[in-house]
Amino acid sequence: MKPDIWKVTTPQAVAKNMRFDASQKEWQYDAQDPSMAARQAEGVAGLWNILAKRHLALLADEVGMGKTFQAIGVMLQLWHSRPDAKILILAPNRDICLHWKREYKTFLQHHYRGNNAKIVHPKKGPMHEARIFTRLRELETDIRESDGSFYLTTIHSLSGLVPDEEKSGNDAQQSAARHAEQIHAQIKASLGEQGFDLIIIDEAHYFRNRDGKSQRAAAAKRFFGDEQSRLGQRTLLLTATPNHSSARNVADILRYFVDPETISANNDAKTLLQTFAIRRLRQMQGKGVTHNKYNYRHEQATAADFSDNPDAELFFALYQRELVKTLGAKGENRQFQYGYLEGFESTGMLAKEDSEGDEESADDVIRDAFHQAPDSRLLAELTQEFQAFYHRFPDHPKYGALIAQCVPEQLFTPARPLYRDKHLVFVRRIPSVREITQRVNAEYDERMAQEIIAAWGVESPEKTVNAWRKSGWSRKYFNQLTQAASLDQDEDLEADEGEESDEPNGNELKLSSKIADLFVVKKKGEKRTDCLNVSQRFRRAESLFSLFLDPAADYLTASYSHYYRLSERQRDNFGDAARDSRLQIWPDAPEQARAPERQAISYEQPIKTAWGMMFPLLPAHCQQQLRAWQASNPAIVENLGNYLKTGYLFASPVMIELYCWFIRFSRQNKAADVQTRYRDFTASIADKLPGSLLLRYFINGIETFEALCEKITDHPLVDWKTPWRELTSLTSPAWYASGETDNRQRLILGFNSPFYPNVLVATSVFQEGVNLHLQCNQVHHYGIAWTPGDNEQRVGRVDRLFGRVNQLLKEQGTTELRIHYPYLAQSLDQDQLAAFIQHKRNFEAKLDACDFDQFSRDINLNDETGGWQAALRKPQADLKPVDPYPAQFAATKKAAG
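The model shown is predicted, which means the values in this text are computed figures rather than measured ones.

K.L.:
Can you help me understand the overall build of the protein in this one?
P.N.:
In terms of regular secondary structure, the protein is built from 30 helices and 17 strands. In the protein, which comprises 897 residues, the proportion classed as buried is 59%. Nonlocal contacts in the protein, meaning residues at least 24 apart in sequence, comprise 77% of its contacts between residues at least 6 apart. Split by element, the accessible area of the protein, about 37300 Å² in all, is 46% carbon and sulfur.

Below, the structure is given as structure tokens:
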């Protein structure tokens, strides 16, 4: 029999093996310290003690407090005492499983102090490799056939147990339960009767509907087992909203693992939470003080009306009249719920694209767009009538209000922080997510097209922009324009149709930026453009201009001295020579591939890069960071250079800025010699760099690169050999995430970087378990959430420790997290928002304390909502809520004794 290792511990003991402030090497726990690092140490110790006594613990800390890190702390505490312990984590989906894997590695590298060789390699790598499986059958097979200790699977896997042939009929739940019971028995047979030493369930509120008629609930009961045969000896639950929609949620979640009636005969949520839970409210470190969310959150309602749009006003007047008739005809028992109606968000119409061979009819669009809400048919019929009369689709006024907030009036001037361009938009309806994406990209196209036309210096810029817009920003029109004003540019590069095109598919093309598309190789039609030709100069190693966006020769300010001359049949190579020059200064220079018939040729004069020119313009902390990386591990700076260059060229308006610089320069400079031409170009833009987008992206990239690599992506900080290919597909300023979206990880990467997307439009798929906080401090509830819990989860994507809000509090001492609610004025949409805001305000304190009975999703149009805007949150410096269920060490010790 294994010895009992579950002894009562303290934060001081936990801190001996792990530090929760990575910036302080000698960090120690101090009970008087109000920092989140101290509270996380308390969380690990408190959870350990509850697990020791109760075998079940619930970490219900507010969103963004590092619940994952605290759970990893508990894991390491367990492995420290029992290195062969078996641990299973269930997270909602594979992306969140990957996030756990990243956080686990980061914790070992930067937070684990122990030197237990059974936990961590000498180089801080994990001894217990994370093994991820998205199907329970695969998980069971690996447990049976391998000797792993650390497993991750998805909550969704519980919904995928029933084969197709068993899904018909009424016994799907029974079938799911039967399959789950079989897997449970097989895992127990492999692990022994004790099963897993610890099971961790992330976003545990997914199990709040225990008695619901879902396959997941039926499967979960059998998979986790009953009192006689638990799958795990101890279970740690994580959720920021244990009472997500009702106080009974707490008991329902706990019931999978314990009989709550043994603690409270009436399943009293307070008693259960006092017994099993730790819940603290988030405190962010600022300038010498800490801040809670009520100190900086600022809610704003934005009214949309029909000013200068009588056609839309007529459409929605008819819609609202018919809607009232429809709802009234359904009778009083018909539910009318928050976000329930299609017309609150969209007309469901995607604006048509002028693309060859696109013969999709209005009937097809209507049939595809509407299938959910009770007003869908009404809206579809009215839209079809409107389209038949006006030959276009109606505009939804809320779109205009949202776009005005999300797209900067001046994209290229004046200089402003890049984070101001990042916006997270939540919707409820699929038509909205696509329509908003398209409209934001279209508005960005207006800004970028005007900049490009201005650079060409045409006689009638406004007329030219209008003509180009009328063509749908077509490549054909642009090619005719640029060919007519040919600049006879040097260095004509041979076409390479196979290079990094990442051309959007048919559906994506309708939503993507048309101007950004000019920089992409096409497989048919107008394959190339002048934008593409210029872009290739700055990215292909055979062009001297490719050095412009490379790091300086010493990663600081040094110039380059030579290039490669290849055989007579090949072009000279500048990019490879520059890279090899940088690698030569590394302490352990990587071995370079030998190229036949290659010789180094000296430049007439040393060649500068934009990096070297901008280094003196960087803030002191950025200069210091580059020097530190260069001295400690140049691979980091080389990786940073690859990341920045890819982002500049593919995923930002920097490429537009660079193109315009080049065109203006080429109109004036006719030098034939490429070296002379390059030096003249760098001289021509020297005075532009201080206020440039290029410099702002450089600064932001340096500031956030380490956090991005360690917290957001699986791309290691020192991995300079792997290209940042995800960025090459993020060419549009706005994109969307829904249940139909592939590769959501690239969107998470892009949104947390300074690069595209600037505007991320999401359904509920990004409502939970996703970190979107490194850049963004603005959230838009275009379609309002079901409940205050859902609303809090949405805002929690950006309101997190170590995010942009936290950084601004540290730098400035004060800031705002802006939370926007656009609505259609003088309509049912205003009524629903008014009711929601008032009810949410009344429930917020109870939500913080996990102390409310039920939030009704129904809207009662007879409720008094006058003065509802006063219920919108504004920053309150003096509001200091108390932690409802803090870690209680003295009580735990006494009880254990």
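Read on, since the account is not over.
K.L.:
Help me understand the packing of aromatic side chains, please; the structure alone is not making it clear to me.
P.N.:
Where two aromatic rings form a pair, the distance of their centres and the angle of their planes describe that pair. This structure, assessed with the given rule, holds 43 aromatic pairs. Judged by centre distance (5.8 Å) and plane angle (0°), the ring pair of Tyr399 and Tyr782 falls under stacked. On the criterion of sequence distance, the pair formed by Tyr399 in helix H13 (residues 397-406) and Tyr782 in the loop between strand S16 (778-781) and helix H27 (788-795) is long-range, its members being 383 residues apart. Here Trp468 and Trp473 contribute two aromatic rings whose centre-to-centre distance is 5.2 Å and whose plane-to-plane angle is 85°, an arrangement assigned as edge-to-face. Classification of Trp473 by relative accessible area gives buried; the value is 8%. Members of the aromatic cluster, joined through ring pairs, are Phe538, Phe545, Phe548, Phe662, Phe665, Tyr678 and Phe681.

K.L.:
Would you take a moment to explain H27 for this structure?
P.N.:
Each turn of an α-helix holds 3.6 residues, which means side chains three or four residues apart point in the same direction. Most of H27 is tucked away: 8 of the 8 residues are buried. Residues of H27 that are buried: Pro788, Gly789, Asp790, Asn791, Glu792, Gln793, Arg794 and Val795. In this structure, the buried side of H27 is in contact with strand S10 (297-304), strand S11 (423-426), S16, strand S17 (817-824) and helix H29 (828-848).

K.L.:
Even after reading the chapter, I still don't get the packing of helix H22 (residues 634-650) against helix H25 (residues 693-712), so can you show me in this structure?
P.N.:
The angle between the axes and the distance between the axes are what describe a pair of packed helices. Between H22 and H25, the least distance of the axes is 10 Å, while the angle of their chain directions is 125°. Taken together, the axis directions place H22 and H25 in an arrangement best described as oblique. As for how H22 packs across H25, the hand of that crossing is right-handed. Listed contacts from H25 to Ile636, Asn639, Leu640, Tyr643, Leu644 and Tyr648 of H22 are Leu694, Tyr697, Phe698, Gly701, Ile702, Phe705, Leu708 and Cys709. For the contact of H22 with H25, a count of residues per class yields 12 nonpolar, 2 polar and no charged.

K.L.:
Is there a simple way to explain the pairing of strand S3 (residues 130-133) in this structure?
P.N.:
As defined by bridge partners, S3 adjoins strand S4 (residues 150-154) across 4 bridges and the pair is classed as parallel. Bridged to Phe133 within S4 is Thr153. Crossover handedness for the path S3 to helix H5 (residues 136-145) to S4: right-handed.

K.L.:
How do you make sense of unusual backbone geometry when you look at a structure like this?
P.N.:
Keep in mind that most residues, glycine aside, have a negative phi and that most peptide bonds are trans. Residue Pro414 is reached from Thr413 by a cis peptide bond, and omega for that bond is -10°. Residue placement: Pro414 occurs in the loop between H13 and S11. Pro757 follows Tyr756 through a cis peptide bond whose omega is 0°. As for its placement among the helices and strands, Pro757 is situated in the loop between helix H26 (744-752) and strand S15 (759-762).

K.L.:
Help me out: how do you make sense of helix H3 (residues 67-81) in this one?
P.N.:
Between its terminal C-alpha atoms H3 stretches 22 Å, which fits the 21 Å expected from 15 residues at 1.5 Å a residue. Within H3, 13 of the 15 residues are buried, leaving the element largely enclosed by the surrounding structure.

K.L.:
Is there a simple way to think about the confidence of the model for the protein in this case?
P.N.:
The predicted coordinates of low-pLDDT regions are not to be read in fine detail. Model confidence for the protein is summarised by a mean pLDDT of 88, while 87% of its residues fall at 70 or above. Long-range and interchain partners of residues 891-897, a stretch whose pLDDT sits below 50, account for 5 contacts in this model, where long-range means more than four residues apart.

K.L.:
Teacher, can you tell me more about the sheet that holds strand S14 (residues 734-737) here?
P.N.:
Backbone-to-backbone hydrogen bonds join strands into a sheet, with any given pair of strands oriented parallel or antiparallel. Here we have 6 strands laid out as an open sheet, ordered S10-S17-S16-S11-S15-S14, and parallel in their pairing. Of all strands in the sheet, those with a lone pairing partner are S10 and S14, marking the two edges. Between one strand axis and the next, the sheet turns by 20° as a mean value, whatever way the strands run. Of the strand pairs in this sheet, S11 and S16 are connected by 3 bridges, and their pairing is parallel. Across the sheet, residue Val425 finds its bridge partner in S16, namely His780. Its contacts with the sheet place helix H14 (residues 430-456) against S11, S14 and S15, and it is angled at close to 170° to S14.

K.L.:
Please clarify how the nonpolar core should be interpreted in this entry.
P.N.:
Phe548, Leu626, Tyr659, Phe681, Leu694 and Phe766 are the most contacted members of the largest nonpolar core, which totals 143 residues. Excluding its chain neighbours within four sequence positions, the residues that come into contact with Leu694 are Phe548, Leu549, Ala610, Met614, Tyr648, Val654, Glu657, Trp661 and Leu689. Judged by nonpolar contacts, the second largest core, of 51 residues, contains Tyr29, Val44, Leu76 and Ala85.

K.L.:
What am I meant to see in the sheet that holds S4 here?
P.N.:
Sheet architecture is open: 7 strands sit in the order S3-S4-S2-S5-S6-S1-S7, paired in parallel fashion. The strands lining the two open edges of the sheet, one partner per strand, are S3 and strand S7 (277-278). Against the sheet, helix H2 (residues 36-54) engages strand S1 (56-59), strand S5 (198-202), strand S6 (235-238) and S7, with an angle of about 150° to S1. Of the strands in this sheet, strand S2 (87-91), S3, S4, S5 and S6 touch helix H4 (residues 94-110), which is tilted by about 155° from S4.

K.L.:
Would you mind showing me how to read the state of the cysteines here?
P.N.:
Covalent bonding between the sulfur atoms of two cysteines is what defines a disulfide. According to the stated counting rule, one finds 0 disulfides in the structure shown. Here Cys406 stays unpaired: no disulfide links it, and the sulfur of Cys776, its closest cysteine neighbor, is 9.3 Å away.

K.L.:
Just to check I follow, could you spell out the pairing of S14 for this structure?
P.N.:
Along any regular strand the residues' side chains alternate between the sheet's two faces. Alternating residues of S14 divide into Ala734 and Tyr736 and Trp735 and Ala737, and every residue in both groups is buried. Taken together, the 4 bridges between S14 and S15 define a ladder with parallel strand orientation. By the bridge assignment, Ala737 is partnered in S15 with Ala762.

K.L.:
I'm lost on the side chain of Asn17 in this one. Help?
P.N.:
You can see Asn17 is positioned in helix H1 (residues 11-17). Among the residues examined, Asn17 registers a relative accessible area of 16% and is labelled buried. Among residues more than four places away in sequence, those in contact with Asn17 are Gln77, His80, His111, Tyr112, Arg113 and Gly114.

K.L.:
I keep staring at the pattern of salt bridges and nothing clicks. Help me out?
P.N.:
Oppositely charged side chains are able to pair whenever their charged atoms sit close together. For the structure shown, the criterion picks out 40 salt bridges. A salt bridge links Arg144 to Glu140; the nearest nitrogen and oxygen atoms lie 2.9 Å apart. Here Glu140 and Arg144 lie together in helix H5, a separation of 4 residues that amounts to about one turn. For Glu140, a relative accessible area of 4% corresponds to the buried category. Among the salt bridges present, the one from Arg416 reaches Asp421, with a minimum N-O distance of 2.8 Å.

K.L.:
Just to check I follow, could you spell out the side chain of Ser692 for this structure?
P.N.:
Along the chain, Ser692 falls in the loop between helix H24 (674-685) and H25. A distance of 3.0 Å separates the side chain of Ser692 from the backbone nitrogen of Leu695, its partner in a polar contact. Those residues within four positions of Ser692 in sequence are excluded, and the remaining contacts are Glu657 and Trp661.

K.L.:
It is not clear to me how the environment of Phe836 should be interpreted in this structure. Could you clarify?
P.N.:
Mapped onto the elements of the fold, Phe836 is located in helix H29. You can call Phe836 buried: its relative accessible area is 0%.

K.L.:
Explanation requested: the environment of Ala217 in the structure shown.
P.N.:
Within the secondary structure layout, Ala217 lies in helix H7 (residues 215-224). Considering only alpha carbons, one finds Ala217 and Ala176, 41 residues apart in sequence, at a separation of 9.1 Å.

K.L.:
I'm lost on the packing of H3 against H4 in this one. Help?
P.N.:
Interhelical geometry of H3 versus H4 gives an angle of 60° and a closest axis separation of 10 Å. Taken together, the axis directions place H3 and H4 in an arrangement best described as oblique. By crossing handedness, the relation of H3 to H4 is classed as right-handed. Touching Thr68, Phe69, Ala71, Ile72, Gly73, Met75, Leu76 and Trp79 of H3 are His99, Trp100, Glu103, Tyr104, Thr106, Phe107 and Leu108, all from H4.

Thresholds applied
- Residues numbered from 1 in each chain as written.
- Predicted model: local features only at pLDDT ≥ 70, side-chain atom pairs only at ≥ 80, totals over all residues.
- Heavy atoms only, no water.
- Helix = DSSP H or I, 4+ residues; strand = E, 2+ residues; numbered from the N terminus.
- Buried < 20%, exposed > 50% of the residue type's maximum accessible area, 1.4 Å probe, protein only.
- Contact = heavy atoms within 4.5 Å.
- Areas by Shrake-Rupley, 256 points an atom, 1.4 Å probe, with all protein chains shown as cover.
- Phe/Tyr/Trp six-rings, centres within 6.5 Å; stacked < 30°, edge-to-face > 60°.
- Axes fitted to C-alpha atoms, helices over the stretch in contact; angles between N-to-C directions.
- Parallel < 35°, antiparallel > 145°, perpendicular 65-115°, else oblique.
- Left-handed = near helix turned anticlockwise from the far one by under 90°.
- Nonpolar A, V, L, I, M, F, W, Y, C, P; charged D, E, K, R; others polar.
- Pairing = 2+ DSSP bridges.
- Right-handed = clockwise from strand over helix to strand, strands pointing away.
- Expected span 1.5 Å × (residues − 1).
- pLDDT = per-residue confidence, 0-100.
- Core = buried A, V, L, I, M, F, W, Y, C linked by side-chain atoms within 4.5 Å.
- Disulfide = S-S within 2.5 Å.
- Salt bridge = Lys/Arg side-chain N within 4 Å of Asp/Glu carboxyl O.
- Polar contact = N/O pair within 3.5 Å; in protein donor to acceptor, adjacent residues only side chain to side chain.

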